[in-house]
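Each chain, letter by letter, is given below.
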Amino acid sequence: MQNKHPEKLLDEKGLRVDGRRLDQLRPVRLEVGTLDKANGSAYIEQGKNKILAAVYGPREAHPKHIALPDRAVIRCRYHMAPFSVDERKSPAPSRRELELSKVIRESLEPTVLTDLYPRTTIDLFVEILQSDGGSRCAGITAASLALADAGIPMRELVAACAVGKVQGQLALDLSDIEDKQGEADLPVAYMPNSNLVTLLQMDGILTLPEFEKGLNMAIEACKTLHTMQREALKNKYSQIREVAEEKEEPEVIA
Amino acid sequence: MVVLAEPRQVVAPGELLAEGDHLLGENSYKIGNQIYSACVGLLEVDGNRVSVVPLKGGYIPHVGDIVGGRVMDIGLSGWTVDILAPYVAMLPASETEGPRGPRRRDLSEMFDVGDMVMAQVLSFDRTRDPLLTAKGPGLGKVSSGRVIQIQAAKIPRLIGRKGSMISMLKRETGCQISVGQNGIVLVWGRSPEGERVAVEAIYMIEREAHTRGLTDRIREMIAKSPRMEEEVAKQAP
Amino acid sequence: MSATPQLPPVAKLEQKTVVDLIAKGNRIDERGHDSYRPITIQTGVIEKANGSAQIFLGKTRVLVGIKVETGEPFPDTPEEGVLTVNAELVPLAHPSFEPGPPDENAIELARVIDRGIRESKAIDLKALCLQKGKKVQVVYVDVYVLDHDGNLIDAGSMAALAALANAKIGKYEIKGDEVIVKPDRRPLPINNYPVSVTFGKVDRNIIVDPSLEEEQVMNARLTVTIEKSGSICAMQKGGLSGFTTEELRKIVHIAVERAAENRAKILAAAKI
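Quick look at the domain arrangement of chain B
Quite often, the size of an interface is put as the accessible area lost when its parts meet. You can read the domains of chain B as domain 1 (2-54), domain 2 (66-142) and domain 3 (146-235). On a C-alpha basis, the centres of domain 1 of chain B and domain 3 of chain B stand 31 Å from each other.

See the structure below:
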């Protein structure tokens, strides 16, 4: 088991506790259409994070009074499983989960073409099965895939990644230890085509140059994740296509 | 206009489809000179029009659609019907065949809660829920047969170009098949095996809608089904 | 207060298909009345938990995490550790699941799973005592339903058992007022392997492992939990109707057979 309180977050070679360089993303694995009942779903593993995102909708608004006359209402719930963290967490929603539910929803609002579905709701669930730092960002990356998987029209996929500061150096994609013991945490969500940052939070201390550099690092990582998202979406269909068409006989053109 | 993605390939939301002079088709949007996809689907280029055929997505009613609906509630002058859309539909008593002026007891005798009805969308817009009619050939209460539900986005593939897929299915399985635009499909078979094979074929079409050579594969699957061979043999003169 | 549930409009035609098939000795997915759907169990899927298991029972998917922490014993059992089972019907598992505290179904699910483990003494609670009356180990079993296609009780209890069998805990030492955990990797003290088998009644037919479609047409449900020597350690009847004594006799015999088969699958998955 990993040492919970390492003396240094960076070693003599400038490598991090898990052996990464400062500008390196953790290994990412994406899966689309993981669940059967949900209209759309996606699963992400990023480092030790394991997150499931699912969408129901657009569906009839319940209760009716929450509906909006000219667009769909997006509802979002970010929630951590009790066994997802080192010390068991009570299943009841905490203030942190409520805040994250809000910022995640607001990171996706700009991309969903909500005026196509007035008077409906689009319900988004982000479940953290295992958490190791950066779960809100990984959750956004999975959530936008789940929305696309549900066939909900959107401008583009949204990817998210955090940058932090460890021992005075900017580091990409903080793990839990780095977040807890580091000097700053800057989660960012980004829409590449529109060049729009849709999630931006910061806690800690960053100078203006550090912020600019950190933001650029995060955006570059978002672009990488964005490409992976596209591949994961298309992979779901190309697998079926390969299996099916392998049996195909050449079409006869009369 | 320059098309930048391959037609009939799967495209993702935000993918750049084309640049230049163009017409905007379904599920695409433009920023300046460039057209992007708004959903996961297959790119279709028809002359100057670029659109994306979605691979998934809920059913949004259009006027004139035939749909299969489940009666949810009985009101004073009609029924509330679930047509698998994010909007609940209304079927007024005036839009059914039968004597005028039914009272509530008579309404439930016509269609009761839980019944499946085939209906047509009479009207629908952004401010009001869909209105249905059950007047017309093939419309009304469904009392027998197998009801299955597939994704609405796959219905065009089930019907096929000019009805080619659905006609082939009906012929090869010996079943009557009624297709609702909202994904509800009714199957009546002369034999339980024909019905079973038809249902299997419909689910296979749903799964493989985006692949090539599907019509032939379905025909083959039906012909190879063990008891279908017996059925065909029985029906031979 | 528990009330007769509001059921969504009964889909009469689809339900008739399900009921007719069952009456003819078949089922909609072509199983026999006494058969389970395909079962896949993976253990150790959540490294941060002490133990974990994910089960696919047909399309039903349930994840169970085990966390072991220290706490105080209950006053009436000062020498025993604490077992607590919680179940969440996670909203993403089914369109009708809403966020909020556990409802009566989630609570029943948790308590039935708990009963099987507790009554069979599957965990040696006395071995979890660190300091009599003061400090004991608390075993949290969290049942997380991720995809609902029927029979959450069996899926949950099988995954819970696999997770418990898979769990590893450290070595606990008492130094004065403190508890020190050494990073050993020993298993939980497990002495029994209770397995639940759930039945549905559709008119006069009894079916094993009802799928969601079948749950929507059944008149009553019975869960029978069998411990390793073939005795019953828990039972729970649910639903609006009841079972005849003849049906009950038949059911418990089938339960013992199915339980033995499923127990083997669980132990294989937990590599025991």
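Describing the confidence of the model for chain A
In this model, chain A carries a mean pLDDT of 91, and residues with pLDDT of at least 70 account for 94%. Counting interchain partners and residues more than four positions distant, the pLDDT-below-50 stretch residues 248-254 of chain A has four contacts.

Considering the interface of chain C and chain A
Contacts between the two partners involve 27 residues from chain C, matched on the other side by 24 residues from chain A. Elements with a minimum of two residues in the side of chain C that touches chain A: strand S3 (60-71), strand S4 (82-89) and strand S6 (135-147) of chain C. At five residues, S6(C) tops the list of elements feeding residues into the side of chain C that touches chain A. Its residues placed into classes, the side of chain C that touches chain A shows 13 nonpolar, five polar and nine charged.

Some words on the packing of helix H3 (residues 152-166) of chain C against helix H5 (residues 245-269) of chain C
Residues and elements named next belong to chain C. Packing of H3 against H5 leaves a shortest axis separation of 9 Å and a crossing angle of 40 degrees. Judged by the angle between their axes, H3 and H5 are oblique. Note on packing geometry: the crossing formed by H3 with H5 is right-handed. Contacts between H3 and H5 involve Met 158, Leu 161, Ala 162 and Ala 165 on the former and, on the latter, Asn 262, Ile 266, Leu 267 and Ala 269. The residue makeup of the contact of H3 with H5, split by class, is seven nonpolar, one polar and no charged.

A look at the sheet that holds strand S5 (residues 28-31) of chain B
Residue and element names in this part refer to chain B. Spatial ordering of the open sheet is given by S1-S3-S6-S5, a layout of four strands whose pairing is antiparallel. With partners counted over all chains shown, the strands left at the sheet margins are strand S1 (2-3) and S5, one partner each. Of the pairings in the sheet, the one linking S5 to strand S6 (residues 34-37) comprises four bridges and is antiparallel in character. Bridge pairing links Ser 28 to Ser 37 in S6.

Focus: helix H4 (residues 192-208) of chain B
For H4(B), which comprises 17 residues, the first-to-last C-alpha distance of 24 Å matches the rise-based estimate of 24 Å (1.5 Å per residue) to within 8%. Inspection of H4(B) places B:Gly194, B:Glu195, B:Val197, B:Ala198, B:Ala201, B:Ile202, B:Ile205 and B:Glu208 among the buried residues, and these make up the whole buried set.

Some thoughts on the packing of helix H1 (residues 95-108) of chain A against helix H2 (residues 135-149) of chain A
Residues and elements named next belong to chain A. In contact at an axis separation of 10 Å, H1 and H2 are set at 50 degrees when each is read in the N-to-C sense. When the axis of H1 is compared with that of H2, the two are oblique. Between H1 and H2 lies a crossing of right-handed hand. Across the interface between the two elements, Leu 100, Val 103, Ile 104, Ser 107 and Leu 108 from H1 touch Arg 136, Gly 139, Ile 140, Ala 143, Ser 144 and Leu 147 from H2. Across the contact of H1 with H2, the residue classes tally to seven nonpolar, three polar and one charged.

Side note on the sheet that holds strand S15 (residues 146-149) of chain B
Residues and elements named next belong to chain B. One open sheet accounts for three strands, arranged S15-S17-S16; its pairing is antiparallel. Strands with a single pairing partner mark the edges of an open sheet, and in this sheet they are S15 and strand S16 (175-179). Across the sheet, the axes of successive neighbouring strands diverge by a mean angle of 20 degrees, strand direction being ignored. Against the sheet, H4 makes contact with S15, S16 and strand S17 (184-189), and its axis sits at roughly 155 degrees relative to S17, the strand it touches most.

Some remarks on the nonpolar core
The biggest cluster of nonpolar side chains holds 200 residues, and the ones touching the most others in it are A:Cys161, C:Val62, C:Val143, C:Ala159 and C:Ala162. If you tally residues by element for this core, the top one is H3(C), at eleven residues. When sequence neighbours within four positions are dropped, the list of residues in contact with A:Cys161 reads A:Cys137, A:Leu172, A:Asp173, A:Val188, A:Ala218, A:Ala221, A:Cys222 and A:Leu225.

Conventions we followed
- Residues numbered from 1 in each chain as written.
- Chains lettered and ligands numbered in written order.
- Predicted model: local features only at pLDDT ≥ 70, side-chain atom pairs only at ≥ 80, totals over all residues.
- Domains from an automatic or database assignment.
- pLDDT = per-residue confidence, 0-100.
- Contact = placed C-beta atoms within 7 Å.
- Helix = DSSP H or I, 4+ residues; strand = E, 2+ residues; numbered from the N terminus.
- Nonpolar A, V, L, I, M, F, W, Y, C, P; charged D, E, K, R; others polar.
- Axes fitted to C-alpha atoms, helices over the stretch in contact; angles between N-to-C directions.
- Parallel < 35°, antiparallel > 145°, perpendicular 65-115°, else oblique.
- Left-handed = near helix turned anticlockwise from the far one by under 90°.
- Pairing = 2+ DSSP bridges.
- Expected span 1.5 Å × (residues − 1).
- Buried ≥ 20, exposed ≤ 12 C-beta atoms within 10 Å, placed from the backbone.
- Core = buried A, V, L, I, M, F, W, Y, C linked by C-beta atoms within 7 Å.

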